[in-house]
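Fold and geometry: a report
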Amino acid sequence: MGHALQVSLGDLLMRMKRMQGFNVLFQTGYDHAGISTQAAVEKQLEREGTSRQELGRDAFESRVWEWLREYGGKIMFQFRRLGASMDYRRERFTMDDAYVRAVLRFFVHLYRKQSIYRANRIINWCPFHETSLSDLELVHVDVDDTLFTIRYPLADGSGSIAIATVRPATIPADVAVAVHPEDERYGDLVGKEAIVPFVERPVPIIADERVQPDFGTGALKITPGHDPTDFEIGRDHGLPEPMVIGSDGRMNDSVTELAGLTQEEAGERVLEWCRERGLFEGSERYRHSIALCERCESRIEPLISLQWWCAMDELKQPAIEALRERRVRFHPESQHRFAIESLETAPDWCISRQLWWGHQLPVWYDADGEIYCAETEEDARELAGGKELTRDEDVLDTWFSSALWPFATLGWPEESEDLKAFYPGDLQTTAREIIRLWENRMIFSGLELLGDVPFTDVVIHSTVLAPDGRRMSKSLGTGIDPLDLIAEHGADATRYGLLKMSSTQDVRFNAGVIEEGRKLANKLWNVSRLMLTSADGISPDVRPRDLEERWILARLEATRQAVEDSLAEFDFAQAARLLYRLTFDDFCDWYAEAIKPRLRAGDDDAGATALAALERLLKLLHPIMPHVTEEIWSQLPGRATRLIVAPWPEPEDRFADAADALERVQDAAAIFRRSGARVALDGDEARIFDAVVRQPAAATDGNLEAELERLRQEVARAEGMLANERFVANAPAEVVEAEREKLARYRRELDALGN
């Protein structure tokens, strides 16, 4: 659903800009999705009774390409069904040969300027995929756990110090006990040694400000191999870094008695050992947050591992400056602040992954472990003086290659004509969870390699939730397939509904708004048939005679300006509302009904003006509802081009003085429909009222006094709200403005009734 909304937003703007005469490139393509693609193929192999290890790397990669040929293009099919006007001839894939060359060029560039390095550091390890993950590839969930309190005897026999842990299986990897330097409970213990249970190893008691005195007992077991905070503390204090958990999430063989056990089994062994020796003090329920792999939802294991890293301190600074100077602007403003903050706090980026599918690191080693970094093996051998080399088996984080998308798709590192024409770009639309993963990385990569930002505006669209407010998810059964919506309601209705829903950062899916879009398309189709059949043989031409004709031309112009203003602020929901009101209310319910007698009488001027007005309406609606508008456009006489490349309506102020010409008759209609009370009208107003408002044969004047009293009460209520300074100051601006508009309408209706 997120992709459908993203593409609907982007396509609306691309279609409008194309009609406005811009040279538009709506780049299409997709990334190789390293972990998820490899996992899908491995599941397929498992069903066949084999594995990637049995196939070997080259054969496995061939299987992935086979899988991609069958399943990889599904997102492109969805884009086409939705009506995305992308240049599909330019479809790119991050594993294309030319794209791979760009990725390797970027890696070598950063390595040579010493922004890429290799180091043993704590990482997020997925025991299911058996690969490292960045912090941004995790999800955090709250779980109920058990907090165990264990006493560690002091080495001098003078007592003990108690610690609290939810992971007793990691106790054998403890290398210290830490307390806060200002915690008076433990001041006299700092500098002494404690004995780690089960392995009975003496470790120092140290002081460190990162210890939280109010957690557990206030004393923290330090396990650098299995906890990020402990790792930092351990590095600062020069502590050893043993690990007792292996890459599969089970206990490794560093402690013989625990080798091969699950963590739960090992933890129980350790606890039982403590109970037998009187070191177990107790347990309590404890709710806390843990990290999961966002793809398989396995619990993440913090492990120390030799990985490749991208240093961020220097690389991110130009991007931070670009955001502060607003050379790139995120919308809404809250997301702009988040983009800056997330760059300011960005740690070094772990860019290596222990996978077979992806961009293999352009790194080779000789027999002595010396490193050679080059774009090709031939270049690496030349650097190594012809030595035999072995290539690093790891691949790059998928987001490393995606960071190059704005310019690698245009031919970089070559100075192509496309690169000159379309870089820097203008617009990027995406979800807020991608800001740190993709948007920021595209910005600093573009500045690093091309010296300019890749785009100027980033629209962070709504997150569409399930109708019950939960996130959309196949596993939860809350997902909704956009293709199902298209099949049931049509692509135009789906696009309209998604745009109409995009008013806030989190919105519940509402099938009723999709249905509203379907009804709007039907209404447009029916009114177009009326005008086309009634004006057969007539060419569109603006020849207004009556009030309603000048009024609709003024309304078309006013809406054009309002839509452009809304889209300049990336308010897609408001643009959809404006066009709905123009089409459903103004054009169909008022103008078409009022002009219908002249159309049926064969009035050429009325027919020509109606077609000209319809032509202008179709242009305004086309970016949101391209299919129905293109079909209707093709049936208009004298079509030289398709609507997709027809010029956007130019400003037209000849009829601006008629913009409110139907206000009095519309108020009269609202009063009559609500209460049966009649407003005195004559001339064009009376004619239009009679044409539009369906009056019962035995119509009466209704309850005039009751309607007057109701309106007086509404005026008093609205005046009271607007006189409330707190309401005006604190309510959303659109709510206050809506109240002012209601007050003005109530007053007009009172005046119309002669009060």
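Quantities reported herein were computed from a predicted structural model and do not represent experimental measurements. (Residues numbered from 1 in each chain as written. Predicted model: local features only at pLDDT ≥ 70, side-chain atom pairs only at ≥ 80, totals over all residues. Heavy atoms only, no water.)

**Remarks on the nonpolar core**
Counting residues in each nonpolar core, the largest one holds 118 residues, and the members touching the most others are L524, M531, F572, F587 and Y591. If one sorts the elements of this core by residue count, helix α20 (residues 572-600) sits on top with 15 residues. Setting aside anything within four residues of it in sequence, one finds F572 in contact with L9, L12, L13, V459, L499, S502 and L567. Listed in part, the 53 residues of the second largest apolar core include F107, L136, M312 and I351. (Core = buried A, V, L, I, M, F, W, Y, C linked by side-chain atoms within 4.5 Å. Buried < 20%, exposed > 50% of the residue type's maximum accessible area, 1.4 Å probe, protein only. Helix = DSSP H or I, 4+ residues; strand = E, 2+ residues; numbered from the N terminus. Contact = heavy atoms within 4.5 Å.)

**A word on the confidence of the model for the chain**
Summarising the model, the chain shows a mean pLDDT of 92, and 98% of its residues fall at 70 or more. Taken element by element, the chain is modelled with least confidence in helix α27 (residues 733-752), mean pLDDT 77, and with most confidence in helix α9 (residues 317-324), mean pLDDT 98. (pLDDT = per-residue confidence, 0-100.)

**Let's talk about the pairing of strand β3 (residues 116-126)**
Bridge count for β3 against strand β12 (residues 301-310) is 10 bridges, and the pairing is antiparallel. Of the residues in β12, the one forming a bridge with A119 is Q307. Looking at chain direction, β3 and strand β4 (residues 131-133) are connected through 3 bridges and run antiparallel. Within β4, the residue paired with C126 across the bridge is T131. Between β3 and the antiparallel strand that follows it, β4, lie 4 residues; E130 among them carries a positive phi value of about 50 degrees. (Pairing = 2+ DSSP bridges.)

**Quick look at the sheet that holds strand β18 (residues 390-391)**
Strands sit in the order β17-β16-β18 across an open sheet of 3 strands; the sheet is antiparallel. Of all the strands in the sheet, just β17 (371-373) and β18 have a single pairing partner and so form its edges. Here 2 bridges tie strand β16 (residues 363-365) to β18, and the two strands are oriented antiparallel to one another. Residue pairing for β18: Y365 is matched across the bridge by T390. Sitting on the sheet, helix α6 (residues 97-112) touches β16 and β17, and the angle it makes with β17 is about 125 degrees. (Axes fitted to C-alpha atoms, helices over the stretch in contact; angles between N-to-C directions.)

**With respect to the packing of aromatic side chains**
A complete count under the given rule lists 23 aromatic pairs for this structure. When the centroid spacing of 6.1 Å and the interplanar angle of 65 degrees are considered together, the rings of F107 and W308 count as edge-to-face. With F107 in helix α6 and W308 in strand β12, this pair connects stretches of sequence that are 201 residues apart. There is no split in this pair, since F107 and W308 are both buried. (Phe/Tyr/Trp six-rings, centres within 6.5 Å; stacked < 30°, edge-to-face > 60°.)

**Brief notes about the packing of helix α19 (residues 547-568) against α20**
It is the contact of α19 with α20, at a shortest axis distance of 10 Å, that shows an interaxial angle of 170 degrees. By the angle class used here, α19 and α20 are roughly antiparallel. Grouping the amino acids of the contact of α19 with α20 by side-chain chemistry returns 16 nonpolar, 3 polar and 6 charged. (Parallel < 35°, antiparallel > 145°, perpendicular 65-115°, else oblique. Nonpolar A, V, L, I, M, F, W, Y, C, P; charged D, E, K, R; others polar.)

**Looking at helix α4 (residues 57-71)**
The end-to-end C-alpha distance of α4 is 21 Å, a good match for the 21 Å that 15 residues give at a rise of 1.5 Å each. Turning to α4, its buried residues number three or more, namely R57, F60, R63, V64, W67 and L68. All buried residues of α4 project into a common sector of 145 degrees when viewed along the axis, lining one side. Residues of α4 that are exposed and angled more than 90 degrees away from the buried face: D58, R69 and E70. On its buried face, α4 sits against α2 (34-47), α3 (52-55), β2 (92-93) and β19 (395-396). (Expected span 1.5 Å × (residues − 1). Arc of directions from axis to C-beta.)

**Some thoughts on the side chain of T559**
Along the chain, the position of T559 falls in helix α19. If near-sequence neighbours (up to four positions away) are discounted, T559 is found in contact with L578, L579 and L582.

**Section: the environment of E719**
You can see E719 is positioned in helix α25 (residues 704-723). Given the relative accessible area of 36%, E719 is considered partly exposed. Setting aside its immediate chain neighbours within four residues, E719 contacts L743 and R747.

**As for the pattern of salt bridges**
Tallying each qualifying case throughout the model produces 62 salt bridges. Here E268 makes a salt bridge to R275, at a shortest N to O gap of 3.0 Å. Linked by salt bridges that have partners in common, R545, D546, E548, E549, R598, D603, D684 and R687 make up one network. (Salt bridge = Lys/Arg side-chain N within 4 Å of Asp/Glu carboxyl O.)

**Details of a negative patch on the surface**
Residues D565, E569, D571 and E734 make up a contiguous surface patch of negative charge. Within the secondary structure, E734 is located in helix α27. (Patch = residues over 30% accessible without salt bridge, like charges linked within 9 Å, V, L, I, M, F, W, Y side chains within 5 Å. Areas by Shrake-Rupley, 256 points an atom, 1.4 Å probe, with all protein chains shown as cover. Lys, Arg positive; Asp, Glu negative; His and termini not counted. Charge placed at Lys NZ, Arg CZ, Asp CG, Glu CD.)

**A look at unusual backbone geometry**
The linkage connecting W412 with the following residue, P413, adopts the cis geometry, with an omega of 15 degrees. One can find P413 in the loop between α13 (405-408) and α14 (417-422). Put simply, Y423 and P424 share a cis peptide bond, and its omega is 0 degrees. The topology assignment puts P424 in the loop between α14 and β20 (427-430).

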